[in-house]
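Residue-level listing of the chains:
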Amino acid sequence: IMALKYWFEFTDVKTIVHKVEISDATFVGDSTQIYGSCSLEYSETKDTLEPVRGSGLKIDLEANSALTFYDLYSEEERTFSVVYKRDNQILFNGWLSPEGIFESLVTDKWFVSLDCTDGLGFLNNLSYVEDSTGLPFTGKQRLLDIVVNCLKRTRTPQNILTSVKIYYDGLNQSLNTFQNVYFNADRFIKDDNNETIMNCEEVLKSVLEPFGAVITSHEGEWLIYKPNSLFDSSSQIFFTYNSLGVALNPTSRTIDFAFALGSQIDNYYPHH
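Residues numbered from 1 in each chain as written. Predicted model: local features only at pLDDT ≥ 70, side-chain atom pairs only at ≥ 80, totals over all residues. Heavy atoms only, no water.

Asker: Which residues make up the overall build of the protein chain, and what values do they have?
Answerer: Secondary structure assignment for the protein chain yields two helices and 16 strands. Radius of gyration (C-alpha) of the protein chain: 21 Å, near the 19 Å computed for a compact globule of 272 residues. Counting only C-alpha atoms and orienting by the principal axes, one finds that the protein chain spans roughly 65 × 50 × 35 Å. Across the protein chain, the fraction of contacts at a sequence separation of at least 24, relative to all contacts at a separation of at least 6, is 60%. Counting every atom, the protein chain has about 15200 Å² of accessible surface; 49% of that belongs to carbon and sulfur. Of note, the protein chain has its 21 positive side-chain charges centred 5 Å away from the centre of its 37 negative side-chain charges. (Helix = DSSP H or I, 4+ residues; strand = E, 2+ residues; numbered from the N terminus. Rg over C-alpha atoms; globule rule 2.2 N^0.38 Å. Contact = heavy atoms within 4.5 Å. Areas by Shrake-Rupley, 256 points an atom, 1.4 Å probe, with all protein chains shown as cover. Lys, Arg positive; Asp, Glu negative; His and termini not counted. Charge placed at Lys NZ, Arg CZ, Asp CG, Glu CD.)

Printed below as a string of C-alpha cells:
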C-alpha cells in the first residue's frame, strides 16, 4: 500500500486545479505540501503505428536547505509512485524515474527536476515471465492475457480498454477479438541459440503489430486502439477490463476524443 509522502497543487489561468501526489510504500507519517509545477508529455515517434507509446511527467520542485528532496533518490525502479490530476481527473499514473533527477542550484533556494514514467519504458528490461514467480509462460494464451501479463510488470495498475475491429471468419463482431485470439507462449523466445526469453516490450509489439494496434496511457487507463480508426471518427467504443483482465460493468464504453486547440494570439484556452 502506497502512503502519500509529498503533494503540491496549482491553479491555471482558467482556475482549474492541478495536483501531483508522490507516494512511497515505506513512508510513515504525515504528508508534506510542497511547491512545484509539472508538464505531461508523450514519447515522440515518426511512425504513427508504433505499437508502444509511453508517456512521462516532468516535475519541477522548489527546494531549499530544509527541504532538499534527497529522500527521493533511489537506485530501484518503481519505488515512488506519482499521480497527476487535472480538475480531479487522473491524467498520469506512474513512477519516479531513478535516472531522471536534476538539481539546479540557485543561492539558498533551487529547483529539482524529476522525470516520471508510466512504466512502459521499463518493459524492455523485463522478461516475459510470471510476475510473482519469475517462471516462463508455456502453452496457448489469450491475447488479452498476454497484454495483462506484460502490463503487470509495469506495477502500474490501471484499467485496460481495447478497441481493435479486426475479426477472424466466423467470430461474432459483438465479441472482443482480444478475448478470442490465442498465441503460443512457447514462441516468445529469441532466435539467439540460447533460448533467451523475449522481454515484455518485444512480446507486446509482436502481438499488437499484426492488428496495427497501439497501446498508450490515457487519463489513468491503458488504451489499445488502431490510430487509423480515428481518421474519420472522433469517438470510439472500447471493451473495458480491470488490471487483471476481468471485464468491468458495463463491459464497454464510448470515449470522445474530440478536442479543440486554439492559438495563444487569440487568448484561446487551451492553446498549443
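Asker: Mind laying out the sheet that holds strand β11 (residues 159–163), listing which residues take part and the relevant values?
Answerer: Within the open sheet, the six strands sit side by side as β5-β13-β14-β11-β15-β16. Their pairing is mixed. Each of the sheet's edge strands pairs with one partner strand only, and the pair in question is β5 (52–53) and β16 (247–256). (Pairing = 2+ DSSP bridges.)

Asker: Can you tell me about empty space enclosed by the protein, naming the residues and giving the values?
Answerer: Here the idea is plain: a probe the size of a water molecule rolls over the atoms and shows the empty space left. In this structure the tally under the stated criterion is one cavity of 30 Å³ or more. Computed from the structure, the largest cavity encloses a volume of approximately 40 Å³. Taken together, ten residues line the largest cavity, and the ones lying closest to its centre are S74, E76, F80, L96 and P98. The biggest single contributor to the lining of the largest cavity is strand β8 (residues 89–106), with four residues. Looking at the lining of the largest cavity residue by residue, the classes come out as five nonpolar, three polar and two charged. (1 Å grid on protein atoms, 1.4 Å probe; cavity = no way out; pocket = protein on both sides within 12 Å on 5 of 7 lines; lining within 4 Å. Points joined across faces, edges and corners; volume = space filled by probe spheres on them. Nonpolar A, V, L, I, M, F, W, Y, C, P; charged D, E, K, R; others polar.)

Asker: Which residues make up the pattern of salt bridges, and what are the values?
Answerer: This model, assessed by the stated rule, comprises nine salt bridges. Taking the shortest distance from any N to any O, the salt bridge between K190 and E202 comes out at 3.8 Å. With K190 in the loop between β12 (182–184) and α2 (200–208) and E202 in helix α2, the pair connects residues that are twelve residues apart, well separated along the chain. Note on E202: relative accessible area 29%, which makes it partly exposed. Between R253 and E221 there is a salt bridge, and its shortest N-O distance comes to 2.9 Å. Placement of the pair is R253 in strand β16 and E221 in strand β14 (residues 221–225), with a sequence separation of 32 residues. Judged by its relative accessible area of 11%, E221 is buried. Among the charged side chains, a network of salt bridges with common partners joins K19, E21 and K85. (Salt bridge = Lys/Arg side-chain N within 4 Å of Asp/Glu carboxyl O. Buried < 20%, exposed > 50% of the residue type's maximum accessible area, 1.4 Å probe, protein only.)

Asker: Which residues make up the environment of G245, and what values go with them?
Answerer: By the element assignment, G245 lies in the loop between β15 (235–241) and β16. The exposure class assigned to G245 is buried, which follows from its relative accessible area of 9%. As for G245 and N159, which are separated by 86 residues in sequence, their C-alpha atoms are 8.2 Å apart. With near-sequence residues (within four places) excluded, G245 lies in contact with L144 and V148.

Asker: Run through the nonpolar core, naming residues and quoting values.
Answerer: In globular proteins that are soluble, nonpolar side chains generally tend to be buried together. Ranked by internal contacts, the top residues of the largest apolar core, which has 34 residues, are Y128, F178, F188, L204, L208, I215 and I224. Mapped onto this core, the elements with two or more residues apiece are α1 (143–152), α2 and β14. The greatest single-element share of this core, amounting to seven residues, is contributed by α1. When sequence neighbours within four positions are dropped, the list of residues in contact with I215 reads P51, V52, R53, L120, L151, L204, L208, W222, L223 and I224. Counting 22 residues, the second largest nonpolar core, distinct from the first, contains I22, I34, L57 and F92. (Core = buried A, V, L, I, M, F, W, Y, C linked by side-chain atoms within 4.5 Å.)

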